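# Topology and contacts: notes
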Protein chains: 2
Amino acid sequence: MLRVAVALAWQKKRVGGMRMPSTAARAVHALKDENCPILISPSLVSLDLPDVWASNPNPHDFPSAHKCSNEQNAAIIDGKSMAEEIMSRIAFEVKRMKESIGKVPGLAVIMHLDEAKILDVLSLEKDVDGFHPVNMGNLALRGREPLFIPCTPKGCIELLIRSGVEIMGKRAVVIGRSNIVGLPTSLLLQRHHATVSIIHAFTKNPEQITCEADIVITAAGVPNLVRGNWLKPGAIVIDVGTNPIEDPSCEHGYRLRGDVFYEEAVRVASLITPVPGGVGPMTIAMLLSNTLDSAKHAYDFT
Amino acid sequence: MLRVAVALAWQKKRVGGMRMPSTAARAVHALKDENCPILISPSLVSLDLPDVWASNPNPHDFPSAHKCSNEQNAAIIDGKSMAEEIMSRIAFEVKRMKESIGKVPGLAVIMHLDEAKILDVLSLEKDVDGFHPVNMGNLALRGREPLFIPCTPKGCIELLIRSGVEIMGKRAVVIGRSNIVGLPTSLLLQRHHATVSIIHAFTKNPEQITCEADIVITAAGVPNLVRGNWLKPGAIVIDVGTNPIEDPSCEHGYRLRGDVFYEEAVRVASLITPVPGGVGPMTIAMLLSNTLDSAKHAYDFT
């Protein structure tokens, strides 16, 4: 086996510039400090910092006098109903599969274990979350296609398309950059030819950037982070946040709030997902859709 | 072997929502059109469209009266000199390796062959370009680190760091979204905690978005695309473009122009790379640095 590194010659001029012998000859040059690292760039893992967002307003505090850009009422994207339609179709396919080959899809859920280690040994064909680096790399790279697209981002795109939203050429802002939602959502929006900006806890002026967006997808995990005045009038808002807020009056002692200050945003946006009943049901539908695709592939069933 | 798909339980509430039996029971629902696809979202590969940029000004036309935001002169980032220092250190390491274990790094360049097929069979440990989907996925995913970072993006970051630029919290615009430069550059800037916007040929108002950036990295392959009035005064400009322009007065019959209208930009930016002599030499240095790392890993040499 040849122990040589390999570079694909994507630029002829670069090939011409790679002359190892002449580079090796540079060893005669004295070095100022031989103990210095060759590169100054730090390790990427050492750069991993937690995204700690600035404090958000009290979720129980809904100032009625908050000034929004205008008074337009947004149409509500009914994620629950869209997800139910998809799940009905999946159920039909499962039934057809059972009747044809006597098999049905199975879904195993793994908890109590290191995510990275599991992903490293997981068969790509079973990675219905789409979290494996190969699936993520293939999502990022044009000309390639992942076996599975992560469920929440896929659900967001499906919600937009089913709502008649044209993504191409739109200015999109993704708030949050988690591996499971923010990152793949930004990659997927780019594949759909949106111009994407990614906002995170180190962004200095998130409201200013968000205000320029035609499409806002927020997955920060901070209740009421996105105020009405963060939005451009007529913006389309997909709220991935499902933040439990204590509320003794509710059946389970809590209720869910999104990342978006809904009561304000609904007066500014043209289209918005509710929480709950928006992205959540679509995420489940996408997981089942990916599971069905995985089973069809495993049993070579079309 | 269990033929089940696997989902990592990253949200307890999602686990609670996944009930395959109840979903299967939905088969009793009549479907409006059984022949419709379950999802409306199109295949990602079908979305791959070429980036055709709008026409750019004649590269020979440098209007002296072009109005720039101010008259500040940018400092020039000397990529050639920085790359030479790095290559000297690499050469020293190669010499040390040869004297210690009698081995030197080797670099094979692959041309005339399908890039995707080569990447699929290439050992990750030899992917010094960092183009393999696993390397790209690990570059995208926080908490992971690729074995190799693509050379040009890595060179851009090294240029910024060696020039004393603080990336964290800065607004960065990447112009161009190629797999080899634009995409990995945007991912790398995010890992360094910049707020990144990615501009491509489908972006409607590239100059407006670029004008907001503290750091502009352009890799569109369009000579003189970025005019002086695209830049915020004091912006830092890294020009990856190396576009050959016919010029009979030059030795080889052509000269290189960047994506940036240099004569204009140098009056607006605070820091800028020249073309040639900026990113190009650093790309070569990064390729050799990755090659050295690959050889050290292969021979377990530290």
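Residues numbered from 1 in each chain as written. Chains lettered and ligands numbered in written order. Predicted model: local features only at pLDDT ≥ 70, side-chain atom pairs only at ≥ 80, totals over all residues. Heavy atoms only, no water.

### Notes on the overall build of chain A
Helix and strand counts for chain A stand at ten helices and ten strands. Counting the 302 residues in chain A, one finds 55% classified as buried. Long-range pairs, those at least 24 residues apart, make up 68% of the contacts in chain A with a sequence separation of at least 6. Accessible area of chain A: about 12800 Å², with a carbon and sulfur share of 55%. (Helix = DSSP H or I, 4+ residues; strand = E, 2+ residues; numbered from the N terminus. Buried < 20%, exposed > 50% of the residue type's maximum accessible area, 1.4 Å probe, protein only. Contact = heavy atoms within 4.5 Å. Areas by Shrake-Rupley, 256 points an atom, 1.4 Å probe, with all protein chains shown as cover.)

### Side note on the nonpolar core
Soluble, globular proteins show a tendency: their nonpolar side chains are buried together. Formed by 124 residues in total, the largest nonpolar core has its most connected members in L160 and L189 of chain A together with L160 and L189 of chain B. Once residues within four sequence positions are removed from consideration, L160 of chain B is found in contact with V165, I167, L189, I215, I217, I236 and I238 of chain B. (Core = buried A, V, L, I, M, F, W, Y, C linked by side-chain atoms within 4.5 Å.)

### A look at the relation of the copies chain B and chain A
Least-squares fitting of chain B to chain A yields an RMSD of 0.0 Å, with the superposition described by an axial translation of 0.0 Å and a rotation of 180 degrees. Taken together, the rotation angle and the small translation identify this as a two-fold axis. (Least-squares fit on C-alpha atoms with pLDDT ≥ 70 in both.)

### Regarding the sheet that holds strand β5 (residues 195–199) of chain A
With mixed pairing, the twelve strands of this open sheet are ordered in space as β2(A)-β10(A)-β7(A)-β6(A)-β4(A)-β5(A)-β5(B)-β4(B)-β6(B)-β7(B)-β10(B)-β2(B). In the strand order of this sheet, the two ends are held by β2 (75–76) of chain A together with β2 (75–76) of chain B, each with one partner. Pairing analysis gives five bridges linking strand β4 (residues 171–175) of chain B to strand β5 (residues 195–199) of chain B, with the strands arranged parallel. What sits directly across from V173 of chain B, in β5 of chain B, is S197 of chain B. (Pairing = 2+ DSSP bridges.)

### Focus: helix α7 (residues 182–191) of chain A
Residues and elements named next belong to chain A. Across the ten residues that make up α7, a large majority, ten, are buried. What α7 keeps buried is the set G182, L183, P184, T185, S186, L187, L188, L189, Q190 and R191. Two residues or fewer past α7, H193 is found with a positive phi of approximately 70 degrees.

### A look at the UniProt feature "domain: Tetrahydrofolate dehydrogenase/cyclohydrolase NAD(P)-binding" (unreviewed entry) in chain A
The positions that UniProt labels "domain: Tetrahydrofolate dehydrogenase/cyclohydrolase NAD(P)-binding" (unreviewed entry) are, in the present scheme, residues 150–297 of chain A. Between the C-alpha atoms that bound residues 150–297 of chain A the distance is 18 Å, and the span itself is 34% helix and 19% strand. (UniProt positions renumbered as here; feature names shortened; annotations may be inferred.)

### Comments concerning the pairing of β5 of chain B
Burial of β5 of chain B is extensive: five of the five residues sit out of reach of the surface. The alternating pattern of β5 of chain B places T195, S197 and I199 of chain B on one face and V196 and I198 of chain B on the opposite face, and all of these are buried. Here β5 of chain A pairs with β5 of chain B via three bridges, running antiparallel. Across the sheet, residue S197 of chain A finds its bridge partner in β5 of chain B, namely S197 of chain B.

### Describing the packing of helix α6 (residues 151–162) of chain A against helix α10 (residues 279–298) of chain A
Residue and element names in this part refer to chain A. The contact between α6 and α10 brings their axes to 8 Å, and the two run at 110 degrees. The angle between α6 and α10 falls in the class roughly perpendicular. For the crossing formed where α6 meets α10, the hand is right-handed. Across the interface between the two elements, C151, T152, K154, G155, C156, E158 and L159 of α6 pack against V279, M282, T283, M286, L287, S289, N290 and D293 of α10. Residue classes in the contact of α6 with α10 are distributed as seven nonpolar, five polar and three charged. (Axes fitted to C-alpha atoms, helices over the stretch in contact; angles between N-to-C directions. Parallel < 35°, antiparallel > 145°, perpendicular 65-115°, else oblique. Left-handed = near helix turned anticlockwise from the far one by under 90°. Nonpolar A, V, L, I, M, F, W, Y, C, P; charged D, E, K, R; others polar.)

### Remarks on the interface of chain B and chain A
Contacts between the two partners involve 127 residues from chain B, matched on the other side by 127 residues from chain A. Across the interface of chain B and chain A, roughly 11900 Å² is buried in total on both sides, 63% from carbon and sulfur atoms. Where chain B packs against chain A, one counts eight salt bridges. We note a salt bridge from R144 of chain B to D120 of chain A, for which the minimum N-O separation is 3.2 Å. Here chain B is connected to chain A by 45 residue pairs in polar contact (both at pLDDT 80 or more). Of the residues contributing to the side of chain B that touches chain A, the split by class is 72 nonpolar, 26 polar and 29 charged. (Buried area = accessible area lost by both parts, 1.4 Å probe. Salt bridge = Lys/Arg side-chain N within 4 Å of Asp/Glu carboxyl O. Polar contact = N/O pair within 3.5 Å; in protein donor to acceptor, adjacent residues only side chain to side chain.)

### Observations concerning the state of the cysteines
All names here are of chain A. This model, assessed by the stated rule, comprises zero disulfides over all chains. Summary of cysteine pairing: C151 is not part of a disulfide, and the nearest cysteine sulfur, belonging to C156, is at 11 Å. For C151, a relative accessible area of 2% gives the class buried. (Disulfide = S-S within 2.5 Å.)

### Quick look at the confidence of the model for chain A
Caution applies to low-pLDDT regions: their predicted coordinates should not be interpreted in detail. Residue and element names in this part refer to chain A. Across chain A, pLDDT averages 87, with 84% of residues at or above 70. Under a pLDDT of 50 for its full length, residues 10–31 has, in the predicted model, 37 contacts with residues more than four places off or in other chains. Under a pLDDT of 50 for its full length, residues 62–68 has, in the predicted model, 18 contacts with residues more than four places off or in other chains. Predicted as a complex, the structure gets a pTM of 0.88 and an ipTM equal to 0.88. (pLDDT = per-residue confidence, 0-100.)

### Considering the pattern of salt bridges
Summed over the entire model, instances satisfying the criterion amount to 32 salt bridges over all chains. When the shortest N-O distance is used, the salt bridge between R191 of chain A and D48 of chain B registers 4.0 Å. With R191 of chain A in helix α7 and D48 of chain B in the loop between α2 (20–24) and β2, the pair connects residues from two separate chains. Residue D48 of chain B is classed as partly exposed on the basis of its relative accessible area, which comes to 25%.

### With respect to the packing of aromatic side chains
Each aromatic ring pair is summarised here by two numbers: the centre-to-centre distance and the angle between the ring planes. Summed over the entire model, instances satisfying the criterion amount to zero aromatic pairs over all chains. Above the face of the F261 of chain B ring, R257 of chain B is positioned so that its terminal group lies 5.8 Å from the ring centre. (Phe/Tyr/Trp six-rings, centres within 6.5 Å; stacked < 30°, edge-to-face > 60°. Lys NZ or Arg CZ within 6 Å of the ring centre and 35° of its normal.)

### Structural notes on unusual backbone geometry
Peptide bonds are, in most cases, trans, and in most cases residues other than glycine have a negative phi. Cis geometry is adopted by the peptide bond preceding P276 of chain A, which originates at V275 of chain A and carries an omega value of 0 degrees. Within the secondary structure layout, P276 of chain A lies in the loop between β10 (271–272) and α10.

### Brief notes about the environment of V181 of chain A
Residue and element names in this part refer to chain A. Note on placement: V181 falls in the loop between β4 (171–175) and α7. Judged by its relative accessible area of 7%, V181 falls in the buried class. Along the chain, V181 and D239 lie 58 residues apart, while their C-alpha atoms are 11 Å from each other. Ignoring sequence-local partners within four residues, the contact set of V181 consists of T152, P153, A219 and V240.

### Notes on the environment of G228 of chain B
Residue and element names in this part refer to chain B. As for its position among the elements, G228 is in the loop between β6 (215–218) and β7 (236–239). The class for G228 is buried, based on a relative accessible area of 0%. With 37 residues separating them in the primary sequence, G228 and A265 have C-alpha atoms 4.4 Å apart.

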